[in-house]
Structures are given as structure tokens and as C-alpha cells.
Amino acid sequence: MRKKRGRRPSPSAGPASTGPNSAYRHPVPDPNSLLAAFRQQGVPLTLSALATSLEVTGEREIADLRRRLEALRTAGQLLVNRRGEYCLSEKLDVIPGTVTAHRDGFGFLVPDDGSDDVYLPVPDMRAVLDGDRVAVRLSGSGRGGRRAGTVVEILARSRDSFVGRYHRERDLGWVVETGRSPHHFIVTDRDRGNAEPGQLVKLEILEYPGPAHEARGRVVEVLGDPRDPRVLTNAAIEMFHIPSRWPERALADARLVGLEVEATDKRDRIDLRKLPLVTIDGEDARDFDDAVFAEPQGDGWRLIVAIADVSHYVRSGEAIDTEARRRGTSVYFPDRVVPMLPEELSNELCSLKPAVDRLCMVCDMRVDQQGNVMGSTFYRGLMHSWARLTYNAVDLYQRGQPDSGVPKAVQPVIDNLYGVFAGLHQARGRRGALDLDLPEIKIQLDASGGIVGVASRRRNDAHRLIEECMIAANVEAARYLGKHKLTTLYRVHAGPEGDRLDDLRLLFQGLGIPIAETAGTRPAEINRVLKLISDRPDFPMLATAVLRSMKQAVYQPANKGHFGLALSTYAHFTSPIRRYPDLLVHRGIGHLLDGGKPAAFAVDIPAAEQLGTTTSMQERRADEATRYVESRCKCLFMEDQVGATLDGVVTGVTHFGLFVMLRDLLVDGLIHVTSLPSDYYHLEPGGRGLKGERTGRAFRLGDDVRVRVVRVDTEEAKIDLALEVGGEQQQAGKRPAGPRNTGPKRNSRPRR
């Protein structure tokens, strides 16, 4: 039985205390006012001196003042001198920022103001960790001619625990953090727990590193053998701070929701149960958050996209919502999913399973033969999925296979959906949306979690059909909210600009393919180039270069359009089970459907800006975590291939060597320049090749090569290759005809 949802009392402005400190004439100023006070005083100030000047009294108020000063210190706007006085950073000629460490011991400061990085030599890095916030004073020039600096103060530590590998030698134990940090954390026998040498562990930091002493730590969790993919996932969850444990309150609330839709929840909804709505997903999908239906209407089509009504069950501010917001997105690892919502919701009431009633939020569209959406309506619905279909089954049916597995009752719906798709696909082409149809990589595991293969999952027209239906619904959601001027999060994607665009144009110019200067604002120009190279064997590499020339898509309340999709307005509406911005969009639509005024919506512009920044970061965090696991799983799979001779294609060129994609195994490796035939090699203009000074021999992007697997380093996720004698399978610069390379990284395709 579902829990009763009563009205919650409005939060009060504060406790109605009647004590001596319940009111005071001079409340603690906001951060900007505090900085102004320091500028007015013109000298460094202690906490007590500042409190006196501001006439702030009372223990609670002084404690609040201290917290605000420390927040300004963490932000790098204040520093503390040796006398314990707070000083304005702007008066001390220091640069606040974040440390990026290198495994060789040096590092860089990434300044908060966006200026060029500052080189930090090894001595300055001995007391800091990757990600620490520090203040740096410039001290000349350093590595590569960059400006160099000295760490003046550590503003905030990036973490109090980390994941690393436990080592032991001559009765001495230590842990080295996985990643960029070169620090060794001493672990005494008392603090090692049950850790054995070689295992991955989670270490609590007991003492941070200093210029004259080693860091110390205590093992708080033994993760296990780093050769086990499940352990790698556990490590990534810890390393990237992926929330994976549910608060008891959230789980209790999820259990109270139940497994069936209650009769009272079906009221005041448009009943769609007699319409043959279907879900179309992958074979391994476990939750189904979107269903589709189409039928002829006039000279065009009626297209319905029904999305699980997550907002009905996940109410703002409740325990499930708080945790979902903390997670921001579901994270998909090779061996498991870390969901945004408890499985009691994502796999049950918020999953549009076949043959059961489900609540949904509906986008009901009229689409003409040319794929233009002529109108749309949003409403809350009640649906009953007629079939759970897969992309492959639908594709087989569309190709005329009699044993496709698509039930006869829904075959007319599939025919109609392909009719709609034909128009939507034409409209996409007219807009000039980027055609980056790259395959995804799937790590194949056996029942015990062992790696059995690395496979490519290519998209078919059934994938594209669903994608176009979802894009259409997303556009209509953005238009609906924008029309009513209700604050929401748009999905914004900027085109290539500046140096990135120049580098891209130089790369393609070297291939004899000019790109117009207007490409940064005209996706059709870039799509024209993609079509020209679509039959090249190095297409995945070149398409990835196009992707890297653009910024990542982000969530923000300011609508700036989506470059990749060539759309002026776009938002995410179709996946509220696994993306928090979609849930916010649903709440906004629901607010308007209930007759609410846009100004009365619970989220204002400042709150939406903060939420957009947070959810964009959470998305990047999820991508980084999955890449960490997948790259190491690929290395584990490749360990049995050491010594093997394989065919590959050059997918990247740097001054230190060639990156090669192994054709049959879909894995990347590096041929170091010292493994090439003896010569002095120089990088060609545009970075498209390495050319020998003496022999004139060149190795260029897209060249086929035959290589030998020399070494696999799973911990560093690196595969070393060597060019076989006579390994160039063609003359430099010539590309054979044939199928495209099928080896991009899993996350190469941009999230829409």
C-alpha cells in the first residue's frame, strides 16, 4: 500500500528562540560584503578584529562568521598569514586554483580565472595531492616555457580517502593512489586490516604528505583483486565518488510505493490502454521508460511518445528525490548499473512493462509527411504496453523476416512508426544535424564476471527510429516550457570554435577536404564533410576528431540551442528514470498542466543554474568512471594476446608515436616512436602523420599497419605495440576500400 502524502509544513525562517542571542542588530554579512569590509579596512584582520568592526556578537554568530571566512578561504579569495590573520588574495599577488598532478612528480595549477596553467615543480608537489585547491605565487618560467609557481597555501584538500594498490616489502606496507598521484602512503600493520599485497583497497588518510614527511593512511575497505572486473567497478565507484548506497529512508519510501498502480492514481488521466503502445529497447534492457505509438492522421501522422511518470512517485524534497539529485544520473558499468532511482521504482512502477497498467506523461504530436511537427499536446496518461520489443526484432520485421518475433497485433504500429521515421529522418537531413553514427563497445562477461570478449554494437534503423521519436518529444517539451516562460534545464551544445575549429580545419585540409570558416555556426557544413568521409576506413577516428573539436553538451536554464542536432531549442524529457534534468522537465510540465503560474514554479533561475552545473558534472563523472573500468577490462582481455600479430589502423598521431586501433579486437594501443624503423620522425602539419627525416617514410591517420602486442599494463590501462617488419600494408597516404573501422570508444557518440 502506498504511503499517504500529506501536506508538509512550510520551513520556518528559523527557530523561535527567546534566548539572549535570538536577535542582534548586525547579522553576519554575505560573502561579497565581507570582502568589501576587508577592502575598506585595508589591512589583514583576525576573526575577532573583523567581528568587532562588524559589531557581530554572540557565539553562534561568530561561529557563522568563521564558517563564511573559511568558505572564502577555500574559494581562494582569502588567505591566512602566519599570525592567523585573514588577508585578501588580490593583495598578495597569488593565484588560486586546482592542482593537476603528473605521475612523474610535477604538476600544474589550473587557475580559477581561466588563465594559462602554472607549472608546479616536484618540491612544491610533495605536500599536495591531485585535485587539491591551492594558492600559488608566480616564480618565473618552467617546463615547456610555461609560467611556473610556488605553492603559498593549501586552501582545501580534495579528499580524505582514496583507492590504491597495497604494496608490502621488508615488513613495510604502503599504498599508492590509483591515477596521477605519485605519493606513497605508509600503512602500518595495525592499519592494514586484511589487505594483501597487490589488492586494491580504500585508504583513509591519517596524515597528508608534507615537504619533510611521508603521508600515512589506514585501510578501511579491501576491494580485492584488480584483475576482477567487479572489483574494478567497485574501485571506480569509490574513486569517482559515485553514490551507491541508499539511505534507509529512501529505501523505505520506495517499498511503500508498492508494485501496482492504485485505483486512485488512475483518476484524472487520459486512458490510453486501448492504444497498442509498445516499448523498443536493447535485449539486455531492464527498465523501460519510453513507449511509442503511431497512426495515420490526415496527410500525416499522429505520434505518441509516452514516458514513465516518475514525477508522480518522486516528489521534490522527499528522501528518494534528495538521493536521486545527489546521484544525478544512472551509471552503466560492464557488470552492473548504479541506478538513479531505487530498483523498486526503476524496475517496477516506473518501468513500462508489458501487460500491466502504468502511469505516464504523454507528448502527443501531429507530424506531416516531411517530418515537421505541426502541433503537440502534453497530458498525464494511463497506458498498458502491448509488447516489449527489441531493436533487433523490429529491424528484422522491417526487413521482412517472418520469424522476427514482433506480434501481429502491433505490426501495423511498427509500419506506421517507420512511416513517421521516414519524415523525421528527412527533417533531420534538412536541418543538417551531425551524422555521427558510431558503434558502441560492449564488454562481454560470463556468469562469474570474467571477460569473454569485446564486441561492437552497431545501430540499425530501429535504433534511429526511436532516437528520432525521442528527439521530437524532447524538442516539444522544450518549446512548451519556453512558450510559458517556465524555468527549466535546457540541453545546450556549442559548436567548435577558436583553436579547436582551427585544428579541425587543418586536419581535414591535410586530407584534401576543406572546411568552411562558418562551420562553427553551421552544423550542415560539418555534416557535409562527414558524408564525404563516411566510406573511409578511418571514419571512426575522423568522426571522433570532429566530436573532440566541440564542447560537451551541458544542462543550463539559458536556452542556447543544440549544435549537434541543429536545433534552436532542446531539452531532455524522455528518461526521467535515469537523468535528473528529465525529472525536472516533467515537474515543470506537470506544474503547468495543474494550472500553476510559471513564476510559482519551485525552481528559479539561480537554483536552475546550480542544478545545471551539478548535473553536467555528474554526467561527466559517470562517463569518466565507466571509461576507467572499460579501458582496464579491455587490457585484461588483451593479456592473452601478448606476442600476437594483429592488423590495425592508425587512429591518432603524436610526437611520441602512433595510436592504433586493433581491427578485430576493437582495442587501442600505442606504437612508440622508438618502435618505428630507425629515423628521426617529425609531426606533419595538422598532426595527421609522422614523417621520417632520412627515409621520408610517413605514417598517417587511417593507414593500415600490422603490429605485435608487446606489453599490457592493466593498472595504467596501456597497451604497447610494435610495428612488424614490413608491417605497413600499403603505401603511406593510400587508403584501401573496404568496411569502416569498428573501434571507437564506447562513449565516442555524444549524449543527445
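Residues numbered from 1 in each chain as written. Predicted model: local features only at pLDDT ≥ 70, side-chain atom pairs only at ≥ 80, totals over all residues. Heavy atoms only, no water.

Counted according to the given criterion, the structure contains 52 salt bridges. The partner of Glu-467 in a salt bridge is Arg-459, and the shortest N-O contact between them spans 3.0 Å. Comparing Glu-467 with Arg-459 shows no difference in burial state: the two are buried. Linked through salt bridges whose partners overlap, the residues forming this network are Lys-202, Glu-221, Glu-238 and Arg-245. (Salt bridge = Lys/Arg side-chain N within 4 Å of Asp/Glu carboxyl O. Buried < 20%, exposed > 50% of the residue type's maximum accessible area, 1.4 Å probe, protein only.)

What follows covers unusual backbone geometry. Located in the positive-phi region is Asp-93, a residue other than glycine, with phi close to 55°. In this fold, Asp-93 is placed in the loop between strand S2 (86–88) and strand S3 (95–101). The class of Asp-93 is exposed, set by a relative accessible area of 62%. The phi dihedral of Ala-355 is positive, around 70°, even though this residue is not glycine. Within the element layout of this structure, Ala-355 appears in the loop between helix H9 (343–349) and strand S19 (357–367). (Helix = DSSP H or I, 4+ residues; strand = E, 2+ residues; numbered from the N terminus.)

What follows covers a negative patch on the surface. A surface patch of negative charge is lined by Asp-499, Asp-502, Asp-503 and Glu-517. Mapped onto the elements, Asp-499 comes out in helix H13 (residues 498–510). (Patch = residues over 30% accessible without salt bridge, like charges linked within 9 Å, V, L, I, M, F, W, Y side chains within 5 Å. Areas by Shrake-Rupley, 256 points an atom, 1.4 Å probe, with all protein chains shown as cover. Lys, Arg positive; Asp, Glu negative; His and termini not counted. Charge placed at Lys NZ, Arg CZ, Asp CG, Glu CD.)

With that settled, consider the sheet that holds strand S8 (residues 161–169). If you walk around this closed barrel you meet the five strands as S8-S9-S10-S12-S11, and the pairing is mixed. Averaged over all adjacent pairs, the angle separating strand axes in this sheet is 50°, with direction ignored. Summarising the sheet, S8 and strand S11 (residues 200–207) pair through five bridges and their orientation is antiparallel. Looking at S11, one finds that Val-163 is bridged to Lys-202. Each of S8, S11 and strand S12 (215–224) is contacted by helix H5 (residues 229–239), which is oriented at about 135° to S12, the strand it contacts most. (Pairing = 2+ DSSP bridges. Axes fitted to C-alpha atoms, helices over the stretch in contact; angles between N-to-C directions. Contact = heavy atoms within 4.5 Å.)

Overall, the coordinates contain zero disulfides when judged by the stated rule. Residue Cys-363 stays outside any disulfide, its sulfur separated by 10 Å from that of Cys-469, the closest cysteine. (Disulfide = S-S within 2.5 Å.)

Here Ile-237 is to be found in helix H5. Measuring from C-alpha to C-alpha, the distance between Ile-237 and Leu-79 comes to 34 Å, with 158 residues separating the pair along the chain. Excluding residues within four positions of it along the chain, Ile-237 makes contact with Ile-242, Ser-244, Phe-333, Arg-336 and Val-338.

A word on the sheet that holds strand S30 (residues 689–692). Backbone-to-backbone hydrogen bonds join strands into a sheet, with any given pair of strands oriented parallel or antiparallel. Here we have three strands laid out as an open sheet, ordered S29-S30-S31, and antiparallel in their pairing. Each edge of the open sheet carries a strand with a single partner, namely strand S29 (681–683) and strand S31 (698–700). For this sheet the average axis-to-axis angle between neighbouring strands, irrespective of direction, equals 20°. Note that S29 and S30 share three bridges and pair antiparallel. Counted as the bridge partner of Tyr-681 is Gly-692 from S30.

This part takes up the pairing of strand S20 (residues 373–384). As judged from the two bridges shared by strand S13 (residues 270–271) and S20, these two strands associate in the parallel manner. Within S20, the residue paired with Ile-270 across the bridge is Gly-381. In this structure, the hairpin formed by S19 and S20 is closed by a connection of five residues, where Gly-371 is found at a positive phi of approximately 85°.

Keep in mind that these numbers describe shape and distance, not what the molecule does.
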